[in-house]
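Structure at a glance
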Amino acid sequence: MPVKGRIIRVAGPLVVAEGMQGVQMYEMVEVGEERLVGEVNRIVGDKAYIQVYETTTGLKPGEPVYGTGSPLSVELGPGIIGKIYDGIQRPLDAIKEKTQSVFISRGVKVPALDRGKRWHFKPAGLRVGDKVSGGDVLGEVPETQLVTHRVLVPPGVHGVLRWIASEGEYTIEDPVAEVETADGKKIEIKMYHKWPVRKPRPIVEKFEPVEPLITGLRVIDTMFPMAKGGTGAIPGPFGSGKTVTLQSLAKWSSAKIVIYIGCGERGNEMTEVLESFPKLKDPWTGRPMMERTVLIANTSNMPVAAREASIYTGITIAEYYRDMGYDTLLVADSTSRWAEALREIAGRLEEMPAEEGYPSYLASRLAEFYSRAGRVRVPGRPERTGSVTVVGAVSPPGGDFTEPVTANTKRFIRVFWALDAKLAYSRHYPAINWLLSYSAYVDTVAKWWHENISPKWREYRDIAYELLLREDELKDIVRLVGTEGLSEKDKLILEVARIIREGFLQQNAFDAVDAFATPQKQWKQLETIIEFYHAALDAIQYGVTVKEIREKLADKIRAFILARYNVPNDRLEELDKIKQELLKGLEGLVKRRSAALAPAA
Amino acid sequence: MAVPESRVIREYENIREIRGPLVIVEGISDAAYDEIVEVELPNGEKRRGRVLETARGYAVVQVFEGTTGITAVGTKVRFLARTLEVKVSDEMLGRIFNGLGDPIDGGPPITSGVWRDINGDPLNPATRAYPEDFIQTGVSAIDGMNTMVRGQKLPIFSGAGLPHNKLAVQIARQATVRSGEEFAVVFAAIGVMHDDALFFKKFFEETGAIKRAALFINLADEPASVRLITPRIALTLAEHLAFDLGMHVLVILTDMTNYAEALREISAAREEVPGRQGYPGYMYSDLASIYERAGRAHGRRGSITQMPILTMPNDDITHPIPDLTGYITEGQIVLSRELHNRGIYPPINVLMSLSRLMKEGIGPGKTREDHANVSDQLYAAYSRAVELRSLAAIVGEESLSDVDRKYLRFAEAFEQRFIRQGFYENRSIEETLDIAWEVLSILPETELYRIKDEFIRKYHPKYRKKASEEKS
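An unreviewed UniProt entry lists chain A under the name A-type ATP synthase subunit A, with Pyrodictium delaneyi as the source organism. The annotation that UniProt attaches to chain A under Catalytic activity (unreviewed entry) is "ATP + H2O + 4 H(+)(in) = ADP + phosphate + 5 H(+)(out)". Taken verbatim from the UniProt record of chain A, the Subunit (unreviewed entry) comment is "Has multiple subunits with at least A(3), B(3), C, D, E, F, H, I and proteolipid K(x)."

Below is the structure:
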């Protein structure tokens, strides 16, 4: 029987209650007369320390605390896609309907999934008498135009299928199957089940991430690629375009399902996603983006304890869709705010602080979180793989990458997209600094590029990357002696590096054409630059100067840079034309130079 | 901040400890978290406070007006069975209040109105409407390159001695939306010096702007704990005006640095585990509980636009106060000491400034079709020019190319013509964009790679001149 205790102390989001014998660690409890949602995070004797997910204003010692007997859980079933939830999966639009207020008042109870909505369930071919276990596909439900929801036998259930519903309309409370376990117990299966958020869902095995997660962002896909099932972090000071980059990932990436967590961030950013995603078309399917997106909004002014829970709520939902065999992408903005929530709660519990006041278990919590990513074989039949890709924003104070959250995050991620305030100040977006960023997946995804796009991908990518590194070294020299002291070859490197920066790395997230570049377009742009570079190197051998190239070919170079905007993904032959123009222009310069030299000879 | 009547009031006289602004009261077991408290000194003086922590047998009370003169024996502490509430109404426009919301202009007390918890509730992200109405401030560096929209929170990051107050006042005077609707101004001065308070009072009274403004003034020599209350009272009023009465409200909060210092002071008195530079670990959440009280909502006519002002300690933008603020607000207007020393007003460092909501507020039908391109081009060109300037300082201007020298001329014109303007100069957005084209035309056309060709042909002074010649 669930326990019932009494409050003895209230300090901000922390409540201490006594008379709580028998309560479990991480059990969800209801606090006070208003039954605010809370979670037990320390037990001392009969006292339980509870973090409360709503504001505690007005709460008094002596008020009751009710146990629920189960840990903080989410409801998993059809109806999640397209929703906006708070950090503990309360649907914010339903709260709006219920309260008719623009504000979120506390103590509002609304179920996460709509109980009245009917879904079209179609059995998947399992027969009565079949042996079934967790993960087996019982049937399918069209959740949105983009997502077919697979109704699975919940993890941990084994037995013989005794009954399965026929095709038809059902609510999530209607049973759709019945399983008899080995000990004769009959288990009714509905289209939804609950799962504790802090517990990873079971998998069969993990694979190496080999397939790129295409994002349409050149600096990511070509320079620092992400793989399906990989982990990445975007650290950056404020104003460096973190949110815009994350939103671009959520918009354009080739994942099937996107879970976007606004964890302690701005309210208007969630509104922006809510208002723009239904209007935007997914480039992979042409359907509105919202049909594949789940939003979790626990903005900076919402209760801090629910912020701590929000990333677990998000990743549990991501795992659930992975279990259906889908590629999911989880974007968490920002893990620093999550860590701060952790710090705040630890401080109230009077725990011994480690670095900068963060609790000593910060690193292990981060590790646990990022470990839930991966490309995996999921349990159940038919056999299938799915993936969870995790990208976390990090907001280092003062842009200092040595602070504890950034430093610890770096240990557990494989892709690091370092945002740079200096680049942002000059409106170089995405402001991903190519000198500080890295991706461990360049080698693993190269095979995909070579097979699907061009066998020269890795070679050309490395040349472009080296040109950028060389530019940085040369800039130091220029700062001392000016450009005049450089050789023509080095001057060319500066010019080509500029073209790479302005015509390739930079990308305007708000331009209809530039926002998303297909792998094919990215390749053509890269190819143009590298071939232009090689041809220009030759031209220099013939005595052509870089000054000439810059001035005589200014129009053509500008046309290439503007091809970002002017050449849509479905008219790539125009890029070939631009490349030919550039190469012809160089040839012309060589001819003129030879002609000028000829009479003298 | 008057207190509503008819409550179950409990009175205690056992004070266990007095520390900084905190009083620990013994014997009470039913104080509510955040409950409001009245402290009566032996001489009859009354002060107010709130419960920061409650437990069986004691309560920790923070006294707003400070603990000077409070005695462990003889002082009475009354728990008023109410959380921190304030009575707000549109009667408050045209009036001046102290930091706790009591009138200080000699006028009558506020009679009508509704009681509201000063902490407010968070706006439901599902009810928010995305800000997109262009606000013309008449200041080119803002309108042209860091456009503000209705419902945005856009702070000014300043430094000691820079003219942030002047700029704030110019914006408060000039800000309009294109439909012509005026703003109601809610102004909270937090821990300001007497002369600053006078400057603001004088401005509002002399220009007549006071008629549509409410001023809350907490002076630097008043107790620190009041500073935590003042902005919240101001925002509670703003929310009432915007979301109950449908007004468009501009909230100016100055100086948030004083607010953060007060937060640190009280946190230290409570012996909390400090985060960066002694500021409490929850400072981000606490600042967010202020800054996030801005925006628009579906189905409500009004809006709250916030312009907090803060002075960066030692002009350091990585200091926790500007740093955490920048992570919450939707951009920042950064003032530059260098421009100020060169006599340029307003000394706005456009490269470090940013308005995150700009893109939705500009373009055809809102400002002008070329706005986004022009702004991007100005940024790119000016940032290149600033780089070249430092290069020229080392290698000399002569060793730069012709194009590079044009960039230097562009930078000079940009600062002197575009950024610089008068305190009473109110530029329309068209004027702002035309000046931008003028300074951009110093550069060769091939350098204008952020601007679409069609806009170059339509707005570049060269083609405009041609077009007007052809016409005549």
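That was the structure; now back to the text.
Observations regarding the overall build of chain B
Counting its regular elements, chain B contains 15 helices and 22 strands. What you see for chain B is a C-alpha radius of gyration of 25 Å, in line with the 23 Å of a compact globule of 472 residues. C-alpha atoms of chain B, sized along the principal axes, occupy 85 × 50 × 40 Å. Taking all 472 residues of chain B together, 62% fall into the buried category. Restricting to contacts in chain B with at least 6 residues of sequence separation, those with at least 24 account for 74%.

Here we look at the overall build of chain A
A tally of regular secondary structure across chain A gives 16 helices and 26 strands. Seen through its principal axes, chain A has C-alpha atoms that stretch 105 × 55 × 45 Å. Counting every position in chain A, which comprises 601 residues, the buried fraction comes to 63%. Taking as baseline every contact in chain A between residues at least 6 positions apart, the subset at least 24 positions apart corresponds to 70%. Side-chain charges in chain A split into 81 positive and 80 negative, and the spacing between the mean points of these groups amounts to 1 Å.

Quick look at the environment of Arg479 of chain A
With respect to the helices and strands, Arg479 of chain A occurs in helix H11 (residues 457-481). For Arg479 of chain A, a relative accessible area of 44% gives the class partly exposed. Those residues in contact with Arg479 of chain A, other than ones at most four positions away along the chain, are Leu391 and Ile394 of chain B.

Points about the domain arrangement of chain A
Taken domain by domain, chain A holds domain 1 (4-71), domain 2 (114-191), domain 3 (205-439) and domain 4 (454-597). A separation of 36 Å is found between the C-alpha centroids of domain 1 of chain A and domain 2 of chain A.

Observations regarding the sheet that holds strand S16 (residues 186-190) of chain A
Residue and element names in this part refer to chain A. The antiparallel open sheet is built from four strands, whose spatial order is S10-S13-S15-S16. The sheet terminates laterally at strand S10 (131-133) and S16, the two strands that pair on one side only. Between one strand axis and the next, the sheet turns by 45° as a mean value, whatever way the strands run. Strand direction decides the pairing type here: S10 and strand S13 (residues 158-164), joined by three bridges, are antiparallel. Among the inter-strand pairings, Ser133 is bridged to a residue of S13, identified as His158.

Some remarks on the interface of chain A and chain B
Taken residue by residue, the interface counts 80 residues in chain A and 85 residues in chain B. Both sides together, the interface formed by chain A and chain B hides about 6,600 Å², and carbon and sulfur atoms give 53% of it. The largest share of the area that chain A buries against chain B comes from Val102, Phe238 and Arg427 of chain A, three residues that together contribute 12% of it. Summed over the shared surface of chain A and chain B, the result is six salt bridges. Where chain A touches chain B, the interface holds 41 residue pairs in polar contact (both at pLDDT 80 or more). For the side of chain A that touches chain B, the elements supplying multiple residues, two or more each, are strand S1 (4-11), helix H1 (92-99), helix H4 (267-276), helix H5 (304-323), helix H6 (335-348), H11 and helix H15 (554-566) of chain A. No other element matches H4 of chain A, which puts seven residues into the side of chain A that touches chain B. Pairing of S1 of chain A with strand S5 (residues 46-55) of chain B, which is carried by two bridges, proceeds in the antiparallel orientation. Following the sheet pairing, Arg9 of chain A is matched in S5 of chain B by Ala55 of chain B.

Some points on the UniProt feature "domain: AAA+ ATPase" (unreviewed entry) in chain A
Taken from the UniProt record, the annotation "domain: AAA+ ATPase" (unreviewed entry) applies to residues 228-422 of chain A. Annotated as 38% helix and 22% strand, the span residues 228-422 of chain A places its first and last C-alpha atoms 30 Å apart.

What to know about the sheet that holds strand S14 (residues 168-170) of chain A
All names here are of chain A. With antiparallel pairing, four strands are arranged side by side in an open sheet as S12-S11-S9-S14. Bordering the open sheet on either side are strand S12 (148-152) and S14, each of which pairs with just one other strand. With direction set aside, neighbouring strand axes in the sheet form an average angle of 40°. Examined bridge by bridge, strand S9 (residues 119-123) and strand S11 (residues 137-142) share two bridges and lie antiparallel to one another. Among the inter-strand pairings, Pro123 is bridged to a residue of S11, identified as Gly139.

Focus: the confidence of the model for chain B
Mean pLDDT over chain B: 92, with 98% of residues reaching 70 or higher. Overall fold confidence for the complex sits at a pTM of 0.91, while the interface term, ipTM, reaches 0.86.

A look at a nonpolar patch on the surface
Residues and elements named next belong to chain A. A cluster of nonpolar side chains, contributed by Leu435, Leu436 and Leu469, occupies part of the molecular surface with about 230 Å² of accessible area. You can see Leu469 is positioned in helix H11. Given a relative accessible area of 31%, Leu469 falls into the partly exposed group.

Some remarks on the nonpolar core
Within the largest apolar cluster, 176 residues are counted, with the highest numbers of intra-cluster contacts made by Trp417 of chain A together with Leu378, Phe410 and Phe414 of chain B. When residues of this core are assigned to their parent elements, the largest contribution, eleven residues, is made by helix H11 (residues 371-395) of chain B. Both domains that meet at this core, namely domain 3 (205-439) and domain 4 (454-597) of chain A, each give it at least three residues. Every residue in contact with Phe410 of chain B, bar those within four places of it in the chain, is listed here: Leu378, Ala381, Tyr382, Ala385, Val439, Leu440, Ile442 and Leu443 of chain B.

Topic: the UniProt feature "binding site: ATP" (unreviewed entry) in chain A
Residues annotated in UniProt with the feature "binding site: ATP" (unreviewed entry) correspond here to Gly236, Pro237, Phe238, Gly239, Ser240, Gly241, Lys242 and Thr243 of chain A. Each residue touching Phe238 of chain A, except ones within four places of it in the same chain, is listed here: Phe157, Ile317, Pro322, Asp323, Gly326, Tyr327, Gln332 and Arg356 of chain B. The residue Ser240 of chain A is located in the loop between strand S19 (231-235) and helix H3 (242-252) in this model. With a relative accessible area of 0%, Ser240 of chain A lands in the buried category. When near neighbours in sequence (up to four residues on either side) are disregarded, Ser240 of chain A contacts Leu419, Asp420, Ala421, Ala424, Tyr429 and Ala431 of chain A. Here the side chain of Ser240 of chain A touches Pro237 of chain A through a polar contact of 2.5 Å, landing on its backbone oxygen.

A few points about the pattern of salt bridges
Taken as a whole and assessed by the stated rule, the structure comprises 95 salt bridges over all chains. In this structure, Asp434 of chain B engages Arg368 of chain B in a salt bridge whose closest nitrogen and oxygen atoms are separated by 3.2 Å. Note that Asp434 of chain B is positioned in helix H13 (residues 429-440) and Arg368 of chain B in the loop between helix H10 (358-361) and H11, a separation of 66 residues in sequence. Notably, a salt bridge pairs Glu415 of chain B with Arg389 of chain B, separated by 3.0 Å at the nearest N-O pair. With Glu415 of chain B in helix H12 (residues 402-419) and Arg389 of chain B in helix H11, the pair connects residues that are 26 residues apart, well separated along the chain. Each of Glu265, Arg266, Glu269, Arg337 and Glu340 of chain A takes part in a single network of salt bridges with overlapping partners.

What about the packing of H11 of chain A against helix H13 (residues 519-541) of chain A?
All names here are of chain A. Two elements in contact, H11 and H13, have axes whose closest approach is 10 Å; the angle formed by their N-to-C orientations is 65°. As H11 packs across H13, the resulting crossing turns out to be left-handed. Residues Trp457, Tyr460, Arg461, Ile463, Ala464 and Leu467 of H11 touch H13, and the partners they reach there are Trp523, Leu526, Glu527, Ile530, Glu531, Tyr533 and His534. For the contact of H11 with H13, the class distribution of residues is nine nonpolar, one polar and three charged.

Quick look at the packing of H11 of chain A against H11 of chain B
Relative orientation and spacing of two packed helices are given, respectively, by the angle between their axes and the distance between those axes. For the pair H11 of chain A and H11 of chain B, the least separation of the axes is 7 Å and the interaxial angle reads 50°. Of the possible angle classes, the one that applies to H11 of chain A and H11 of chain B is oblique. Seen from H11 of chain A, the contacting residues are Val478, Arg479, Leu480 and Val481 of chain A; seen from H11 of chain B, they are Leu391, Ile394 and Val395 of chain B. Considered class by class, the residues forming the contact of H11 of chain A with H11 of chain B number six nonpolar, no polar and one charged.

Criteria and cut-off values
Residues numbered from 1 in each chain as written. Chains lettered and ligands numbered in written order. Predicted model: local features only at pLDDT ≥ 70, side-chain atom pairs only at ≥ 80, totals over all residues. Heavy atoms only, no water. UniProt positions renumbered as here; feature names shortened; annotations may be inferred. Helix = DSSP H or I, 4+ residues; strand = E, 2+ residues; numbered from the N terminus. Rg over C-alpha atoms; globule rule 2.2 N^0.38 Å. Buried < 20%, exposed > 50% of the residue type's maximum accessible area, 1.4 Å probe, protein only. Contact = heavy atoms within 4.5 Å. Lys, Arg positive; Asp, Glu negative; His and termini not counted. Charge placed at Lys NZ, Arg CZ, Asp CG, Glu CD. Domains from an automatic or database assignment. Pairing = 2+ DSSP bridges. Axes fitted to C-alpha atoms, helices over the stretch in contact; angles between N-to-C directions. Buried area = accessible area lost by both parts, 1.4 Å probe. Salt bridge = Lys/Arg side-chain N within 4 Å of Asp/Glu carboxyl O. Polar contact = N/O pair within 3.5 Å; in protein donor to acceptor, adjacent residues only side chain to side chain. pLDDT = per-residue confidence, 0-100. Patch = residues over 30% accessible without salt bridge, like charges linked within 9 Å, V, L, I, M, F, W, Y side chains within 5 Å. Areas by Shrake-Rupley, 256 points an atom, 1.4 Å probe, with all protein chains shown as cover. Core = buried A, V, L, I, M, F, W, Y, C linked by side-chain atoms within 4.5 Å. Left-handed = near helix turned anticlockwise from the far one by under 90°. Nonpolar A, V, L, I, M, F, W, Y, C, P; charged D, E, K, R; others polar. Parallel < 35°, antiparallel > 145°, perpendicular 65-115°, else oblique.

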